[in-house]
Amino acid sequence: MRPFRGTDAPATWVGPGRLRHRGRRLVSSAPIRLSPDTGSSGYWDAARRNELALPVCDECGNLTLPPAPVCPNCGTTAPRWRFTPVSGRGTVRSWTLVRNSFHPAFDHLVPYLVADVELDAQPGLRVVGRLLDEGAEPPRLGDRVQTSFQELADGLTVPGFVREHT
């Protein structure tokens, strides 16, 4: 097997979310389709109702996201996950400014902020989501946030965060 060289490559990276294939630009114009599996359907069903629901392990009672074949908290290899509503309040632990869209369906949103939030529901439980109230003030570590929801397409509602005003 010979190594992959630039001239041998069937596609070349030419920018965020864009490839060139033999001189033609390849960009998916297909809308994002949500295909929840049995492990995530409770999360997405709740999001459509503007509710944050996270999986709880029936064995140990701890929340986690995403649900996995092995519970990261108690180690059971056959966890039964049930989704339970949580308040969605938390604290910003980290954040970043996204300047390049990862999918053409999000091109109109850039630049946007993404926050890593530790939820109040359980110490150490962190969720990543878009900071929806991008104001004049950049976020600060320790900012208090509340879950908010954004409908990106028919049937696709995603949780994000807005800052709490004190």
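Residues numbered from 1 in each chain as written. Predicted model: local features only at pLDDT ≥ 70, side-chain atom pairs only at ≥ 80, totals over all residues. Heavy atoms only, no water.

**Brief notes about the overall build of the chain**
Phase 1 of the analysis: Along its length, the chain carries one helix and 10 strands.
Phase 2 of the analysis: The secondary structure elements of the chain, listed N-terminal to C-terminal, are β-β-β-α-β-β-β-β-β-β-β.
Phase 3 of the analysis: Within the chain, buried positions represent 33% of all 166 residues.
Phase 4 of the analysis: When the accessible surface of the chain is summed, it comes to about 10,400 Å², and 51% of that surface belongs to carbon and sulfur atoms. (Helix = DSSP H or I, 4+ residues; strand = E, 2+ residues; numbered from the N terminus. Buried < 20%, exposed > 50% of the residue type's maximum accessible area, 1.4 Å probe, protein only. Areas by Shrake-Rupley, 256 points an atom, 1.4 Å probe, with all protein chains shown as cover.)

**With respect to the side chain of Glu118**
Phase 1 of the analysis: One can find Glu118 in strand S7 (residues 112-119).
Phase 2 of the analysis: Among the polar contacts listed, one links the side chain of Glu118 to the backbone nitrogen of Gly124, at a separation of 2.7 Å.
Phase 3 of the analysis: Residues in contact with Glu118, not counting those within four places in the same chain, are Gly90, Thr91, Arg93, Pro123, Gly124, Leu125 and Arg126. (Polar contact = N/O pair within 3.5 Å; in protein donor to acceptor, adjacent residues only side chain to side chain. Contact = heavy atoms within 4.5 Å.)

**Focus: the pattern of salt bridges**
Phase 1 of the analysis: What the rule picks out here adds up to 10 salt bridges.
Phase 2 of the analysis: Residue Glu164 pairs with Arg89 through a salt bridge whose shortest N-O separation is 2.5 Å. In this pair, Glu164 is assigned in the segment after strand S10 (156-163) and Arg89 in strand S6 (residues 89-98), connecting sequence segments 75 residues apart.
Phase 3 of the analysis: Among the residues examined, Glu164 registers a relative accessible area of 23% and is labelled partly exposed.
Phase 4 of the analysis: On the basis of relative accessibility, which here comes to 34%, the residue Arg89 falls in the partly exposed class.
Phase 5 of the analysis: Note that Asp116 and Arg126 form a salt bridge whose closest N and O atoms lie 2.9 Å from each other. (Salt bridge = Lys/Arg side-chain N within 4 Å of Asp/Glu carboxyl O.)

**Thoughts on the packing of aromatic side chains**
Phase 1 of the analysis: Summed over the entire model, instances satisfying the criterion amount to one aromatic pair.
Phase 2 of the analysis: Plain terms: the ring middles of Tyr43 and Trp44 are 5.0 Å apart, the flat faces sit at 85 degrees to each other, and that makes the pair edge-to-face.
Phase 3 of the analysis: According to the relative accessible area criterion, Tyr43 is buried, its value standing at 13%.
Phase 4 of the analysis: Residue classification places Trp44 among the buried positions, given a relative accessible area of 18%. (Phe/Tyr/Trp six-rings, centres within 6.5 Å; stacked < 30°, edge-to-face > 60°.)

**Here's the deal with the side chain of Thr157**
Phase 1 of the analysis: Examined against the element boundaries, Thr157 turns out to sit in strand S10.
Phase 2 of the analysis: Residue class for Thr157 comes out buried when judged on its relative accessible area of 8%.
Phase 3 of the analysis: If sequence neighbours within four positions are ignored, Thr157 has contacts with Trp44, Ala47, Arg48, Asn50, Phe149, Gln150 and Glu151.

**As for the pairing of S7**
Phase 1 of the analysis: Along S7, eight of the eight residues are buried, which leaves the element largely enclosed by surrounding structure.
Phase 2 of the analysis: The two faces of S7 match: Tyr112, Val114, Asp116 and Glu118 on one face and Leu113, Ala115, Val117 and Leu119 on the other face are all buried.
Phase 3 of the analysis: Direction of pairing for S6 relative to S7: antiparallel, over a ladder of eight bridges. The residue bridging Thr91 from the neighbouring strand is Glu118, located in S7.
Phase 4 of the analysis: Taken together, the six bridges between S7 and strand S8 (residues 126-131) define a ladder with antiparallel strand orientation. (Pairing = 2+ DSSP bridges.)

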